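This is what each chain is made of:
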Amino acid sequence: MASHIEEKPNYAAQARTPSVPFRSELQAYERDAGDRPPFVLTYPEIKLLGIAGVGFFLDAYDLFIINPVATMLQYRLYQGASLPNNIQGVLKASANIGSVIGQFLFGYCADAFGRKAIYGKELMLIILATILCISCPTNLLSAEGSLIYLSIFRVLLGVGVGGDYPMSASVTSDRATIRKRGTLLAYIFANQGWGSLVGSLATIIVLACYKHVMNDEGETSKVDGVWRIVVGLSLIPAFATLYQRLTLPESVRFEESRTLAAGELDDSKAKNDVEITVSSKNSDEGDIKEPLEKKAHFKEFVEYFSEWRHAKVLIGTCMCWFLLDIAFYGINLNQNVVLQEIGYAGKTGTAWEKLFKVSTGNIIITALGFVPGYYVTVLTIEKLGRKYIQIQGFLMSALFLGILASKFDTFDNASFIVCFAFLQFFFNFGANATTYCYPAEVFPTKYRASAHGISAASGKAGAIISALGFNTLTAKIGTPAVLWIFFGCCITGAVFTLLLPEVAGRDPDAILAAELKER
């Protein structure tokens, strides 16, 4: 029995070593030729990012599409009047509420039961919830009833969207070599920008198709079909990648993380301890992993994070994401304020003309800074490091939030657009990207998904606060004062980043193995 354990090759350690790029045990997307810049991807890596990245495409598409959909529902349910503030807040926050549940649930399950057993289930939830949302019986329900119906099933949608955060992050990080890990994660997260942009484009295209019936014939109620088509289009990429997710094999690194105690500890005492554990159960070879697989469960997770050196890192990832999302979602879930300042609030004209102008404004907002910032992160993350990008992103976002707050009532349209574009750019060439990357890189494989889920859920808690409180707080203290609150969140986020180590070139599994060896 002991000889079997001693002779078992440590695949995880070899898979983490860039100097051994091609091994037969690795899947194609776990290999790295090592002679290309990190941002130049192989075909298997592109395929992997296509499978994992669709989740973040849907994340942005589904979360931000609620802005134009809420405006359309004004004309379908309230004859153009604004939605009630309390219900509007719940509608906009509902997906984020579900995301918190999904991030906790799927993160823990991915570590406890394996990525392969769980991956794809979150996409099935997204598909189911989307179908239920576009089936909303607005003809049978009251206006408030329709909004409550949508809010309930957007919570379910959020569970699936939230589950994708720890799942796609851990699936990708498990397979990436250290020198390309941050780049691959940044590529995945960049799909959030494309999801937002495609959502805006889809809205304006479908509206254009409905111009005759809505504008020329005056049948404004036909907007009911517009929002259903726009929301339903997200089913296409979801169905396109469902099979690939459900059949994606388990990574070598994750399988080895389950036997870390036996595979990494090379002193004889540790091996004797493992042998005694196995022998006491009178196990055969097939049972050797049983006592070791339980290491991914809750008890050891708590023991690991009960140490301050690990807890402070988790506190750092949670607080940075929480503070970032208060500001980021406070701005992006309430774009009506921004649209008004740049002259695209849709205050005049027919119902169709108002909706079309708002949709055009959304495209402008997205294109100016949303997408470019992500790809600057992709190109520079391995050179500049995550910590530098996150701190400068927080500080630069704070700078432009401060400018917007102080000049809010005096800026002309052009000045506001320029300042807002820089704000969006530094959100995404900054903390909005790195808060996603950090938990997937700094924590060991066996705790990665759970820790990522907790960190992401902290971020969504910030998004919920913004979604529920922005309109009410703006009415009480004014938009500039709310922007100063966002300014403070960004400054505090830069301070909490100091708790985090730089993770470029860092192997958390090797660090965990060294800690186990010390014990």
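This section reports on the structure supplied with the text. (Residues numbered from 1 in each chain as written. Predicted model: local features only at pLDDT ≥ 70, side-chain atom pairs only at ≥ 80, totals over all residues. Heavy atoms only, no water.)

This part takes up helix α12 (residues 235–247). The end-to-end C-alpha distance of α12, which contains 13 residues, comes to 19 Å, matching closely the 18 Å that a straight helix rising 1.5 Å per residue would cover. Helix geometry: α12 is bent most strongly at Thr241, by close to 35°. Listed as buried for α12 are Leu235, Pro237, Ala238, Thr241, Leu242 and Arg245. Elements that come into contact with the buried residues of α12 comprise α3 (43–64), α7 (121–134), α8 (143–175) and α11 (223–232). (Helix = DSSP H or I, 4+ residues; strand = E, 2+ residues; numbered from the N terminus. Expected span 1.5 Å × (residues − 1). Bend = angle between axes of the 7 residues up to and from the residue. Buried < 20%, exposed > 50% of the residue type's maximum accessible area, 1.4 Å probe, protein only. Contact = heavy atoms within 4.5 Å.)

With that out of the way, let us pick up the pattern of salt bridges. Under the counting rule described, the total for this entry stands at 16 salt bridges. The closest approach of N and O atoms between Asp111 and Arg115, which form a salt bridge, is 2.7 Å. Ionic pairing is found between Glu382 and Arg386, a salt bridge with its closest N-O pair at 3.1 Å. Given a relative accessible area of 21%, Glu382 falls into the partly exposed group. Three or more residues are tied together by salt bridges with common partners; here these are Asp111, Arg115, Asp174 and Arg448. (Salt bridge = Lys/Arg side-chain N within 4 Å of Asp/Glu carboxyl O.)

Structurally, the position occupied by Phe486 is in helix α25 (residues 479–497). Residue Phe486 is classed as buried on the basis of its relative accessible area, which comes to 4%. In this structure, the C-alpha to C-alpha distance between Phe486 and Gly330, residues 156 residues apart in sequence, is 8.1 Å. Those residues within four positions of Phe486 in sequence are excluded, and the remaining contacts are Ile326, Ala327, Gly330, Ile331, Leu401, Ser466 and Phe470.

Turning next to the packing of helix α4 (residues 66–77) against α8. Packing of α4 against α8 brings their axes to within 11 Å, and their N-to-C directions diverge by 160°. With respect to their mutual orientation, α4 and α8 come out roughly antiparallel. Between α4 and α8 lies a crossing whose hand is right-handed. Together, Ile66, Leu73 and Leu77 of α4 and Ala143, Ser146, Leu147, Leu150 and Arg154 of α8 make up the contact between the two elements. Of the residues that constitute the contact of α4 with α8, the class distribution is six nonpolar, one polar and one charged. (Axes fitted to C-alpha atoms, helices over the stretch in contact; angles between N-to-C directions. Parallel < 35°, antiparallel > 145°, perpendicular 65-115°, else oblique. Left-handed = near helix turned anticlockwise from the far one by under 90°. Nonpolar A, V, L, I, M, F, W, Y, C, P; charged D, E, K, R; others polar.)

The terminal C-alpha atoms of helix α18 (residues 308–332) lie 35 Å apart, and with 25 residues this matches the ideal 36 Å at 1.5 Å per residue to within 8%. A maximum bend of about 25° is found in α18 at Asp325. α18 sits mainly inside the fold: 19 of its 25 residues count as buried.

The full count for this structure, using the stated rule, is 28 aromatic pairs. Relative to Tyr61, the ring of Phe57 lies with its centre 6.1 Å away and its plane at 25°, an arrangement referred to as stacked. With Phe57 and Tyr61 both in helix α3, this residue pair falls four residues apart, about one helical turn. Residue classification places Tyr61 among the buried residues on the basis of a relative accessible area of 2%. Ring centres of Phe301 and Phe305 lie 4.7 Å apart, and the angle between their planes is 50°; on these two criteria the pair is classed as tilted. Pair noted here: Phe301 and Phe305 are both in helix α17 (residues 298–305), with a separation of four residues, about one helical turn. Per residue, the accessibility class of Phe301 equals that of Phe305, and both read buried. Of the aromatic side chains, those joined through ring pairs into one cluster are Phe56, Tyr165, Phe189, Trp321, Tyr374 and Tyr436. (Phe/Tyr/Trp six-rings, centres within 6.5 Å; stacked < 30°, edge-to-face > 60°.)

As for its placement among the helices and strands, Pro84 is situated in the loop between α4 and α5 (85–113). Accessibility expressed as a relative area gives 25% for Pro84, which makes it partly exposed. Between the alpha carbons of Pro84 and Gln74 there is a distance of 9.7 Å; along the sequence they are 10 residues apart.

Attention shifts here to the packing of α3 against α12. A pair of packed helices is characterised by two quantities: the angle between their axes and the separation of those axes. Put simply, α3 and α12 touch, their axes get as near as 9 Å, and they point 145° apart. Handedness of the α3/α12 crossing: left-handed. The residues of α12 that touch α3, namely those facing Gly50, Ile51, Ala52, Val54, Gly55, Phe57 and Leu58, are Pro237, Ala238, Thr241, Gln244 and Arg245.

So, on to a nonpolar patch on the surface. There is a patch of nonpolar side chains on the surface, built from Leu395, Ile491, Val495 and Leu498 and spanning about 350 Å² of accessible area. Leu498 gets classed as exposed once you look at its relative accessible area, which sits at 57%. (Patch = residues over 30% accessible without salt bridge, like charges linked within 9 Å, V, L, I, M, F, W, Y side chains within 5 Å. Areas by Shrake-Rupley, 256 points an atom, 1.4 Å probe, with all protein chains shown as cover.)

Core analysis: the largest hydrophobic core is formed by 133 residues, its most contacted members being Tyr165, Val226, Tyr436 and Phe486. Apart from residues no more than four positions distant in its own chain, Tyr165 is found in contact with Phe56, Asp59, Gln103, Phe189, Gln192, Trp321, Tyr329, Tyr436, His452, Ala456 and Lys460. (Core = buried A, V, L, I, M, F, W, Y, C linked by side-chain atoms within 4.5 Å.)

Considering the arrangement of structural elements, one finds Asp325 in helix α18. Put simply, Asp325 is tucked away with no salt bridge, and the nearest opposite charge, on Lys460, sits 4.5 Å away. Those residues in contact with Asp325, other than ones at most four positions away along the chain, are Gly330, Gly459, Lys460, Gly462, Ala463 and Ser466. (Lys, Arg positive; Asp, Glu negative; His and termini not counted.)

Once that is clear, we can look at the environment of Asp507. In this fold, Asp507 is placed in the loop between α25 and α26 (508–518). What makes Asp507 buried here is its relative accessible area of 15%. It is 7.1 Å that separates the C-alpha atoms of Asp507 and Ile178, two residues lying 329 residues apart in sequence.

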